[in-house]
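# Structural description and commentary
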Amino acid sequence: RARLRARRAAAAAPSAMDGGIGWARLASLSAVAAVNDAIAPLAALLELVVLSAALSRDEDRGGPDAAEGLAAYGAVISAVTFALNIFNFVVIVNMSGVARAVGASAW
C-alpha cells in the first residue's frame, strides 16, 4: 500500500518534462548560469588591470613600454583562446555523436 501511494505521489508531482519546473527554479538556475558567464570577462579585466599596473611601474624604471607588453599579452591570450575554442568544438561534436549513439542504443 505504501508503494502504491509513493507511485501515485511521484506521478502527480510536476516534472521538467510537462513544464512544471516553476519560475523560481528557472530563475535560480539562470542566475547561476549568468554569474558563471560573467566571471570570465571580469577575471580577464582584473588580469589586464594588474598587468598594466605592473608594466607601467616597469616602464617608470626604464623597462619596456607598457603598450607593447599589453599588445603581447593580447596576442598570446587571443591565440590561446582560439586554440581552446577549437578544442571545445571538437569535444562538443564528439559528445553529440556519443549522445546520439546512446539515445539510439547503438553502442
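Located above this text is the structure these notes cover.
What comes next is a walk through the structure. (Residues numbered from 1 in each chain as written. Predicted model: local features only at pLDDT ≥ 70, side-chain atom pairs only at ≥ 80, totals over all residues. Heavy atoms only, no water.)

### A short note on the overall build of the protein
- Each helix and strand in the protein was counted, giving three helices and zero strands.
- Secondary structure elements of the protein, listed N to C terminal, follow the sequence α-α-α.
- Out of the 107 residues in the protein, the part that is buried amounts to 2%.
- For the protein, the exposed area adds up to about 9,000 Å²; of that, 69% sits on carbon and sulfur atoms. (Helix = DSSP H or I, 4+ residues; strand = E, 2+ residues; numbered from the N terminus. Buried < 20%, exposed > 50% of the residue type's maximum accessible area, 1.4 Å probe, protein only. Areas by Shrake-Rupley, 256 points an atom, 1.4 Å probe, with all protein chains shown as cover.)

### Brief notes about a nonpolar patch on the surface
- Taken together, the side chains of Phe82, Ile86, Phe89, Val90 and Val93 present a nonpolar region at the surface, about 500 Å² in accessible area.
- Relative to the helices and strands, Ile86 is located in helix H3 (residues 66–103). (Patch = residues over 30% accessible without salt bridge, like charges linked within 9 Å, V, L, I, M, F, W, Y side chains within 5 Å. Salt bridge = Lys/Arg side-chain N within 4 Å of Asp/Glu carboxyl O.)

### A closer look at a negative patch on the surface
- A surface patch of negative charge is lined by Glu59, Asp60, Asp65 and Glu68.
- Topologically, Glu59 is positioned in helix H2 (residues 23–60). (Lys, Arg positive; Asp, Glu negative; His and termini not counted. Charge placed at Lys NZ, Arg CZ, Asp CG, Glu CD.)

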